[in-house]
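Commentary on secondary and tertiary structure
Residues per chain are reported as follows:
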Amino acid sequence: MRLPGSPRPRGGEPAGDDLDEVTGWALAAKAGDRAAAHLFVEATQHQLRRFVAHLVGPGEADDLTQEIYLRAMRALPAFDARSTARTWLLAIARRACADHIRYVSRRPRLAALDDWQPVAEAELARDHGGAGFETGFALTELVRALDPERREAFVATQIAGLSYAEAAEVCGCPVGTIRSRVARARDDLVAALADRDGRRLRPTS
């Protein structure tokens, strides 16, 4: 493991054995190292934003991601590295997304389609290379329509790229439960896609 604050190879986020490096940056940030705090944010922000965007929607992901980092920085004094810093951060994100969804469900929806559709299109263009927007947007909507527990497990493993063990830490449940929720989420998505395609192909009278 490289020391916190040392140069990082080019090519995006650390992966694999670099997970401990990110945890090292979090611990150094806890001790007051501002450069390590910057490296921690830089290393985790893309994964975190994707996780948040698929739970609450791309139009609200930026603001909520910033709020999650504020929560994480306030919680750093209690971080003891019992789990990796990534799973610790995504566990905070999961709770923040749940709080946000509860809040949104209690207030009237003010944004019109035209307000958020360009944001969603830009987000999906980044994730899908600019191609297949209609398919990507439909799949994103189907994921958001999943049962909340199945959606969290599916997004954590299939979109954020966590292992089942890491997702279990994030979601606060056994690994077997994560496997079951992901399998059921896949079944739900397959059924929903088949139903959607069937409606599109059905002749209109």
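You'll find the structure just up there.
Here's what I pulled together on the structure shown here. (Residues numbered from 1 in each chain as written. Predicted model: local features only at pLDDT ≥ 70, side-chain atom pairs only at ≥ 80, totals over all residues. Heavy atoms only, no water.)

**A look at unusual backbone geometry**
Positioned with a positive phi, Ala-81 is a non-glycine residue whose angle comes to about 60°. For Ala-81, the location among the structural elements is in the loop between helix 3 (61-75) and helix 4 (85-105). The exposure class of Ala-81 is partly exposed, given its relative accessible area of 31%. (Helix = DSSP H or I, 4+ residues; strand = E, 2+ residues; numbered from the N terminus. Buried < 20%, exposed > 50% of the residue type's maximum accessible area, 1.4 Å probe, protein only.)

**Regarding the pattern of salt bridges**
Going through the model one piece at a time under the given rule, you end up with eight salt bridges. A salt bridge links Asp-99 to Arg-71; its shortest N-O distance comes to 3.3 Å. Here the residue Asp-99 occupies a position in helix 4, and Arg-71 occupies one in helix 3, the gap between them amounting to 28 residues. For Arg-71, a relative accessible area of 23% translates into the label partly exposed. Linking Glu-152 and Arg-94 is a salt bridge whose minimum nitrogen-to-oxygen distance equals 2.8 Å. With Glu-152 in helix 7 (residues 148-159) and Arg-94 in helix 4, this residue pair connects regions lying 58 residues apart in the sequence. Each of Glu-67, Arg-71, Asp-99 and Arg-102 takes part in a single network of salt bridges with overlapping partners. (Salt bridge = Lys/Arg side-chain N within 4 Å of Asp/Glu carboxyl O.)

**What to know about the packing of helix 3 against helix 4**
Following both chains from N to C, one finds helix 3 and helix 4 inclined at 125°, their axes separated by 9 Å at the closest point. On the basis of their axis angle, the class for helix 3 and helix 4 is oblique. You can see that helix 3 and helix 4 cross each other, and the crossing is right-handed. Mapping the contact onto sequence places Leu-64, Ile-68, Tyr-69, Arg-71, Ala-72 and Ala-75 in helix 3 and Trp-88, Leu-89, Ile-92, Ala-93, Arg-95, Ala-96, Cys-97, Asp-99 and His-100 in helix 4. Looking at the contact of helix 3 with helix 4, its residues break down into eleven nonpolar, one polar and three charged. (Axes fitted to C-alpha atoms, helices over the stretch in contact; angles between N-to-C directions. Parallel < 35°, antiparallel > 145°, perpendicular 65-115°, else oblique. Left-handed = near helix turned anticlockwise from the far one by under 90°. Contact = heavy atoms within 4.5 Å. Nonpolar A, V, L, I, M, F, W, Y, C, P; charged D, E, K, R; others polar.)

**Some words on the state of the cysteines**
In the structure shown here, the tally under the stated rule is zero disulfides. With no disulfide of its own, Cys-171 has Cys-173 as its nearest cysteine by sulfur position, at a separation of 5.4 Å. (Disulfide = S-S within 2.5 Å.)

**Description of helix 3**
Its 15 residues place the ends of helix 3 21 Å apart at the C-alpha level, agreeing with the 21 Å of an ideal helix rising 1.5 Å per residue. Buried residues of helix 3: Ala-61, Leu-64, Thr-65, Ile-68, Tyr-69 and Ala-72, and no others. In an axial view of helix 3, the angular spread of the buried residues amounts to 145°, which keeps them on one side of the axis. When the buried face of helix 3 is taken as reference, the exposed residues oriented beyond 90 degrees from it are Asp-63, Gln-66, Leu-70 and Arg-74. Those residues of helix 3 that are buried lie in contact with helix 2 (34-56) and helix 4. (Expected span 1.5 Å × (residues − 1). Arc of directions from axis to C-beta.)

**Concerning the environment of Met-73**
Mapped onto the fold, Met-73 is located in helix 3. Separated by 16 residues in sequence, Met-73 and Leu-89 have C-alpha atoms that sit 9.9 Å apart. Excluding anything up to four places from it in sequence, Met-73 contacts Ala-37, Phe-40 and Val-41.

**A few points about the side chain of Gln-47**
With respect to the helices and strands, Gln-47 occurs in helix 2. Its relative accessible area of 12% is what places Gln-47 among the buried residues. Looking at Gln-47, its side chain comes within polar contact range of the main-chain oxygen of Ala-160, at 2.6 Å. (Polar contact = N/O pair within 3.5 Å; in protein donor to acceptor, adjacent residues only side chain to side chain.)

**Description of the nonpolar core**
Counting 50 residues, the largest nonpolar core has Phe-40, Phe-51, Val-52 and Ile-68 as its most contacted members. Elements that contribute at least two residues to this core include exactly helix 1 (19-30), helix 2, helix 3, helix 4, helix 6 (133-144), helix 7, helix 8 (164-171) and helix 9 (175-201). Per element, the largest residue contribution to this core is eleven residues, and it comes from helix 2. (Core = buried A, V, L, I, M, F, W, Y, C linked by side-chain atoms within 4.5 Å.)

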